[in-house]
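# A look at the structure
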Amino acid sequence: MMVTRIRTLSLNVYMLAPSGGVFSRVGGVGEGYMVSQGRKGIIFKMNFKARNAVALLGLPGVLLATAFLAGCSNASSSAAASGRAAGLSSVPVAVAAARRMDLPVYLSGLGSVTPWNSVSVRSRVDGQLTEVAFKEGQQVQKGQLLAVIDPRPFEVQLAQAQATLFKDQAQLRDAKLNFQRFQDLLKQSGAVSQQQVDTQGALVDQLDGATRNDQATIDSAKLQITYCHITAPIAGRIGLRLVDAGNIVHAADANPLLIITQLQPIAVLFSLPEDQLQTVAQHMRQGTLTVEAYSRDDQTKLATGTLGTIDNQIDQTTGTGRLKAMFQNNDSSLWPNQFVNARLLLESKKNAIVVPSAAIQRGPQGTFAYVVKADKTAEVRPVTVALAEGNLSAIGQGLAEGEIVVTDGQDKLKAGMTVDATAASGGRRGGQGGAAPNDGSSAPGANGTGANGPRSAAPNGGQPGAGGDSKQGHRGKAQ
């Protein structure tokens, strides 16, 4: 500490903040002393008419005066900062406008893609596979040649059957001639007995049966030759080849030669709770229902088709019923055994007032929303939700078309507060918890915490709820 006697014509008091700024100054006339400490501190400079200021106040008094003025300056600064903070009354929120639109009603279920037809092509004869006439992944038409099994053994059998038929036919012709002779002799002269005539007739019938059997053997040999040429039974896409040329194949083999699946059209099997099946059946009687197939993450729409039928029984283990929908699948976006999320379009709610579901708050007295009025103040509005679908909610009562609702930031709002609104880029799934729109001292939102955010304070000055901790651990406070 240093005390210096100075001569001057003015009385000056300077108070410097740690950064060096000057807060106050008082002027006068006289002669006095200056007290200073360090580069960043307090400078006390006084001039009085008395010749010795220290004699009047003393050095301790000078120091006390310096500390008093410094405290007053700090208090003034804190009060100014508090005033500025109190002036910031607007709350930043995200908003969206209530609009009138047709809101579709969907029933969602898990499903899997099933080919409309699927055939495991097997060999119907035993033999060596001599030719494979298809490529893996090839699209084939019904009747197209796929593979050839060595037909020579069956051609030999055909030749043998034809020779046997030729021999039996010759014997049949001779037997028929003798039968005719015996009949003539019996009528003309009686040279033969009736027994001989009957025996010859029986021989004719036996040889006729033999020739018919030979013809059947010939037809069988021809059929085996046909089976040696394997063709596509349906139109579809061939999978991977399961056997190569040169192998011996048998009709009793466990594995097929190839599998053909029909991808256009294709089917989707999905399940719905048994309580919804009656509603679906009623709408099916009114017209064809649309089914949309979405990807595994339920974000990408793959195809659109129509509902075909409902299974004739309910699975007792799961309490669900299976439904089958058909898709044309012209772009091959669906593949057999693919997992999909099926959405059945049940109906469409016409001209509904729709807001993002994030705008809907829940409290002890029901659902409500914060509405931004023309003067940019928030109003608590009780609303009735008629239908919720995805991120949108149809409002039955409480909102009009074009009104602005808060979709984010409700945890900081209460009725009458000024808001700084910005357009929402998209509503979040589910509503954010909010305070109950009640007056007085009732507990705000005691059990109304939101799914995606903390519960807000009571909108009209209510007392904080006792048991309403939100998901993020914040309890509503009275403002």
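The residue count restarts for each chain, going from 1 along the sequence in the order it is written. Whole-chain, interface and lining totals are the exception, using all residues; otherwise, since this is a predicted model, local features are given only for residues with pLDDT of at least 70 and side-chain atom pairs are given and counted only at 80 or more. Excluded from the side-chain calculation are hydrogens and water; included are all heavy atoms of the structure.

## A word on unusual backbone geometry
Geometrically, the link from Q264 to P265 is a cis peptide bond, its omega value of 0° lying close to zero. Where helices and strands are cited, they refer to DSSP runs of H or I of at least four residues and of E of at least two residues respectively, numbered from the N terminus. Considering the arrangement of structural elements, one finds P265 in strand β12 (residues 258-273). Despite not being glycine, S332 shows a phi value in the positive range, around 55°. Mapping S332 onto the fold places it in the loop between β15 (320-327) and β16 (339-356).

## Some remarks on the nonpolar core
In terms of nonpolar packing, the biggest core is built from 25 residues, with L146, I149, I238, L258 and I260 touching the most fellow members. Looking at this core, the elements that each hand over two or more residues are β8 (145-149), α2 (152-188), α3 (194-227) and β12. The leading source of residues in this core is α2, at four residues. Any two residues whose heavy atoms approach within 4.5 Å are treated as being in contact. What L258 contacts, discounting residues up to four positions off in sequence, is V119, S120, V121, F134, L146, I238 and L242. Within this scheme, the nonpolar core is defined by two criteria: the residues are buried Ala, Val, Leu, Ile, Met, Phe, Trp, Tyr or Cys, and they are joined through side-chain atoms within 4.5 Å. Burial classes: relative accessible area under 20% of the type maximum marks a residue as buried, over 50% as exposed, and values in between as partly exposed (1.4 Å probe, protein chains only).

## A word on the side chain of T211
Mapped onto the fold, T211 is located in helix α3. Its relative accessible area of 8% is what places T211 among the buried residues. The contacts of T211, once residues within four sequence positions are left out, are L165, D168, Q169 and L172.

## Considerations on the pattern of salt bridges
Where charged atoms of side chains with opposite charge meet at close range, the side chains can pair. In the sections that follow, a salt bridge refers to a side-chain nitrogen of Lys or Arg positioned within 4 Å of a carboxyl oxygen of Asp or Glu. Applying the stated criterion to the full structure yields 10 salt bridges. Measuring nitrogen to oxygen at the nearest pair gives 2.9 Å for the salt bridge that ties D150 to R152. Looking at D150, the relative accessible area reads 13%, which means it is buried. Take R152: its relative accessible area is 55%, and that puts it in the exposed class. The partner of R343 in a salt bridge is D298, and the shortest N-O contact between them spans 3.0 Å.

## A short note on the confidence of the model for the protein
The predictor's confidence in any single residue is recorded as pLDDT, a number from 0 to 100. When pLDDT is averaged along the protein, the result is 77; 70% of the residues meet or exceed 70. Segment residues 79-88 is flagged for pLDDT under 50; beyond a separation of four residues in sequence, or across chains, it makes zero contacts in the model. Within the model, pLDDT remains below 50 along residues 426-479, and this stretch shows 143 contacts once partners closer than five positions in the same chain are excluded.

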